Protein chains: 2
Amino acid sequence: MEIDDLASTSGEWLRGIGPQSDIVMSSRIRLARNLADFPFIRQCNDIDRANIDSTVRQRLGSNKALRDLTFIDVATLEALDRQFLVERQLISREHANSDGARAVAIDGQEQLSLMVNEEDHLRIQVMKSGLDLDGAWAQINELDDQIEQQLTYAFHEQFGYLTACPTNVGTGMRVSVLVHLPALVITNQIEKVFRSLQKINLVVRGLYGEGTQAMGDFYQVSNQITLGKSEKELIDQVGDVVPVVIDYERKARKFLIEEDQNELFDQVSRAYGMLQTARRISSEETMHLLSRVRMGINLGLIGDLEIPQVNELFIQTQPAHLQKIHQSALSTDERNIERANFLHRNLKSQDN
Amino acid sequence: MEIDDLASTSGEWLRGIGPQSDIVMSSRIRLARNLADFPFIRQCNDIDRANIDSTVRQRLGSNKALRDLTFIDVATLEALDRQFLVERQLISREHANSDGARAVAIDGQEQLSLMVNEEDHLRIQVMKSGLDLDGAWAQINELDDQIEQQLTYAFHEQFGYLTACPTNVGTGMRVSVLVHLPALVITNQIEKVFRSLQKINLVVRGLYGEGTQAMGDFYQVSNQITLGKSEKELIDQVGDVVPVVIDYERKARKFLIEEDQNELFDQVSRAYGMLQTARRISSEETMHLLSRVRMGINLGLIGDLEIPQVNELFIQTQPAHLQKIHQSALSTDERNIERANFLHRNLKSQDN
């Protein structure tokens, strides 16, 4: 598998299936793991990093269950390809921008991703469509077991898995659910919801991780602390709260419909029209409009478009994706024009 | 001919033909005339007004050239029908809103309109598509001669035709050209153009006459003073200046294209998209967007729409027209929804 092959496919998490997939885009669990035989990344020199990279590749290659993973050498990738992997949620922005030997291993469905030499030696991730933390857990637990057959993890009897950052010590687990909350944004209730989540030690971020403003009304809800908690407790903490957030969002949508259905229909329809007819459009505006359209489909206000298609457009209209699809580097202004062309081609109304 | 028959047709002036019809919507000449045997309208009682009305109908009916004019009894019309005639430019807002016996006579092409008992006993109007003041003059001059064979005008050797308002004394003529100046608006040059026109005693108004803000970037350029000038001088005054205004508008369009063609294309295309997809839209926004689309067609940026269709939409989306087409009275909010439906039906994209 080559990087360029990915551009024409889309990850399993965009398929719009699974429980509550109208509001929950994806469920993700990642485990931070370190190898007992090497110093933490921060203490590694270039040779250590190269050794970790080659050791992981070699050992996992000899495991039948892991053999089908494709290793991509992130260190030698062009900046554009690294950004492309960030946009697909396969590597973190930090992994894209750091230095030295590093890699990512992925499966064909892009459900699994294994970063080598990120903040920890290994960052294992499983991503599922919809609200499916149990499915993600079953899959990542199995994956973790297979890896542990090949590599010796840094583990402390009392503290659990040892990690570069203290906030990850213990299970090394982060549980994240990516939710789409346009109605809570429109009704100005989103801040209130966030404050409630922060009180119970959950973190809310935009689609592309820390420091990114929430674009397209997508928010990642995830746990902040792992130490002293079991995997099940962490999954339950997020898994119990997300349905409450979903319920708030559904109530807000109901309110918008009851308050003024025509107004909502107008907003949704215009957003769809704008995406179809703009000739120059920024990534930010695109996500804003796609968000309206996505909600509109869920509310039955748009008939000729499906959720998976919209989910894909969120990713495909990102800067690196646009350039990969266009097969050449583009300036910001060129991207804005190409993005509009891309949307125009992909959203041609089918109903007339 | 019934009022309701008009709703399914459109006036000759909307056909988008004639010289400079990309920028000039229509050319209009009106003559104010009064009958020598009656007091001015302001001094008339109800019986006088009724007598004027019946005298005009009777006398014109016996003239072969005028026999085909249809008389509509404005006094007995519903408010909606009166507004409908205002929107079609067949009667003035004042004529619609005044009291007592009054009428309008029109021909099948809506080129001619003859208001009875407006500010003057007779207000004769000829309206042509494009910049065609000579054509309008030839037609109205002939019409005026025919009418004068049937009725004795109030005429003073020295002053000329006598009128209710001193500004009309002399020829009683107003020459108006309706121009579409979106690029001068976008480039903030419109005020400068207006000031130049005012210096040479021309008046600039919005589409629907005095006191109306210019909607859809349409402006009526007309003469202010008639006393002491011949018909030819009045026609030349407007006729000489309009080509200069047209030239400014063309230069502004050229500037917009050269400065940033993509930006212009984006604005035009989005305007078109908004008109196609809005589900609730005000008359003001509609005219604003139609204006962009009209310019876009002229610049070759929109392929599947013609100028006459857009010209008609300007009129058909006016409040009274919408209600006539919908065949029932509608509140403002209902109109905004019906207007969006009407635009949606009439602008279905043909190119996909």
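Since we're looking at a predicted model, the values are computed, not measured. (Residues numbered from 1 in each chain as written. Chains lettered and ligands numbered in written order. Predicted model: local features only at pLDDT ≥ 70, side-chain atom pairs only at ≥ 80, totals over all residues. Heavy atoms only, no water.)

### A closer look at empty space enclosed by the protein
All names here are of chain A.
- Applying the stated rule across the entire model yields four cavities of 30 Å³ or more.
- The computed volume of the largest cavity comes to approximately 60 Å³.
- Lining the largest cavity are Thr9, Ser10, Gly11, Trp13, Leu14, Arg88, Glu110, Glu312, Ile315, Gln316 and His321.
- Looking at the lining of the largest cavity element by element, the count peaks at three residues for helix α10 (residues 307–316).
- Within the lining of the largest cavity, the residues separate by chemical class into three nonpolar, five polar and three charged.
- Of the domains in this structure, domain 1 (3–254) and domain 2 (260–347) are the two that each give at least three residues to the lining of the largest cavity. (1 Å grid on protein atoms, 1.4 Å probe; cavity = no way out; pocket = protein on both sides within 12 Å on 5 of 7 lines; lining within 4 Å. Points joined across faces, edges and corners; volume = space filled by probe spheres on them. Helix = DSSP H or I, 4+ residues; strand = E, 2+ residues; numbered from the N terminus. Nonpolar A, V, L, I, M, F, W, Y, C, P; charged D, E, K, R; others polar. Domains from an automatic or database assignment.)

### Comments concerning the sheet that holds strand β1 (residues 24–33) of chain A
All names here are of chain A.
- Reading across from one edge, β2-β3-β4-β5-β1-β8-β10-β9 is the order of the eight strands in this open sheet, with antiparallel pairing throughout. Because the sheet does not close on itself, it has two edges, and the strands there are β2 (70–73) and β9 (202–205). Strand-to-strand twist in this sheet, taken as the mean axis angle between neighbours without regard to direction, amounts to 20 degrees. (Pairing = 2+ DSSP bridges. Axes fitted to C-alpha atoms, helices over the stretch in contact; angles between N-to-C directions.)

### Things to note about the interface of chain B and chain A
- With 21 residues of chain B at the contact, the number on the chain A side is 21 residues.
- In total, chain B and chain A occlude about 1,900 Å² of area from one another, counting both sides; carbon and sulfur atoms represent 46% of this.
- Of the charged contacts in the structure, one is a salt bridge between Arg270(B) and Glu285(A), with a shortest N-O distance of 2.7 Å.
- Looking at the side of chain B that touches chain A, the element that brings in the most residues is helix α8 (residues 231–277) of chain B, giving eleven residues.
- Of the residues belonging to the side of chain B that touches chain A, the class tally is five nonpolar, seven polar and nine charged. (Contact = heavy atoms within 4.5 Å. Buried area = accessible area lost by both parts, 1.4 Å probe. Salt bridge = Lys/Arg side-chain N within 4 Å of Asp/Glu carboxyl O.)

### Things to note about the packing of helix α8 (residues 231–277) of chain A against α8(B)
- Look at α8(A) against α8(B): their axes get within 8 Å of each other, and the N-to-C directions meet at 145 degrees. Along this stretch, α8(A) crosses α8(B), giving a crossing that reads as right-handed. Note on element contacts: α8(B) touches α8(A) through Ser269(B), Arg270(B), Gly273(B), Met274(B), Gln276(B) and Thr277(B), opposite Ser269(A), Arg270(A), Gly273(A), Met274(A), Gln276(A) and Thr277(A).
- Here the contact of α8(A) with α8(B) is built from residues that sort into two nonpolar, eight polar and two charged. (Left-handed = near helix turned anticlockwise from the far one by under 90°.)

### Points about the sheet that holds strand β9 (residues 202–205) of chain B
Residues and elements named next belong to chain B.
- Ordered by their spatial adjacency, eight strands build an open sheet running β2-β3-β4-β5-β1-β8-β10-β9, and the pairing between neighbours is antiparallel. Strands with a single pairing partner mark the edges of an open sheet, and in this sheet they are β2 (70–73) and β9. Averaged over neighbouring strand pairs, the angle between their axes works out to 20 degrees when direction is ignored.
- Both strand β3 (residues 103–106) and strand β4 (residues 112–116) contribute to a ladder of four bridges, which runs antiparallel. If you follow alanine 103 over to β4, its bridge partner there is valine 116.

### Side note on the packing of aromatic side chains
- Evaluated as defined, the whole model comprises eight aromatic pairs over all chains.
- Where Phe194(B) meets Tyr219(B), the ring centres are 4.8 Å apart and the plane angle is 65 degrees; that geometry is what we call edge-to-face. Pair noted here: Phe194(B) is in helix α7 (residues 190–199) and Tyr219(B) is in strand β10 (residues 218–223), with a separation of 25 residues, a long-range link. Neither Phe194(B) nor Tyr219(B) differs from the other in exposure class; each is buried.
- Both rings, one in Phe218(B) and one in Phe314(B), keep their centres 4.7 Å apart while their planes meet at 85 degrees; by these two values the pair is edge-to-face. Here the residue Phe218(B) occupies a position in strand β10, and Phe314(B) occupies one in helix α10 (residues 307–316), the gap between them amounting to 96 residues. Phe314(B) shares its class with Phe218(B); the two are buried.
- Counting every residue linked through ring pairs, the aromatic cluster contains Tyr153(A), Phe155(A) and Tyr161(A).
- Between the NZ or CZ atom of Arg33(A) and the centre of the ring of Tyr161(A), over which it lies, the distance is 3.5 Å. (Phe/Tyr/Trp six-rings, centres within 6.5 Å; stacked < 30°, edge-to-face > 60°. Buried < 20%, exposed > 50% of the residue type's maximum accessible area, 1.4 Å probe, protein only. Lys NZ or Arg CZ within 6 Å of the ring centre and 35° of its normal.)

### Some thoughts on the packing of α10(B) against helix α12 (residues 332–346) of chain B
Residues and elements named next belong to chain B.
- Direction vectors running N to C along α10 and α12 enclose 165 degrees, while the axes themselves pass 11 Å from each other. Between α10 and α12, the angle falls in the class roughly antiparallel. As α10 packs across α12, the resulting crossing turns out to be right-handed. Contacts between α10 and α12 pair Gln309, Leu313 and Gln316 from the former with Phe342, Leu343 and Asn346 from the latter.
- Taken together, the residues that form the contact of α10 with α12 break down as three nonpolar, three polar and no charged. (Parallel < 35°, antiparallel > 145°, perpendicular 65-115°, else oblique.)

### A word on the pattern of salt bridges
- In the structure shown here, the tally under the stated rule is 40 salt bridges over all chains.
- Notably, a salt bridge pairs Glu118(A) with Arg123(A), separated by 3.5 Å at the nearest N-O pair. Here Glu118(A) matches Arg123(A) in class, with each residue buried.
- Of the charged contacts in the structure, one is a salt bridge between Glu258(B) and Lys254(B), with a shortest N-O distance of 3.6 Å. Here Glu258(B) pairs with Lys254(B), and both are found in helix α8, just four residues apart, close to one helical turn. Per residue, the accessibility class of Glu258(B) equals that of Lys254(B), and both read exposed.

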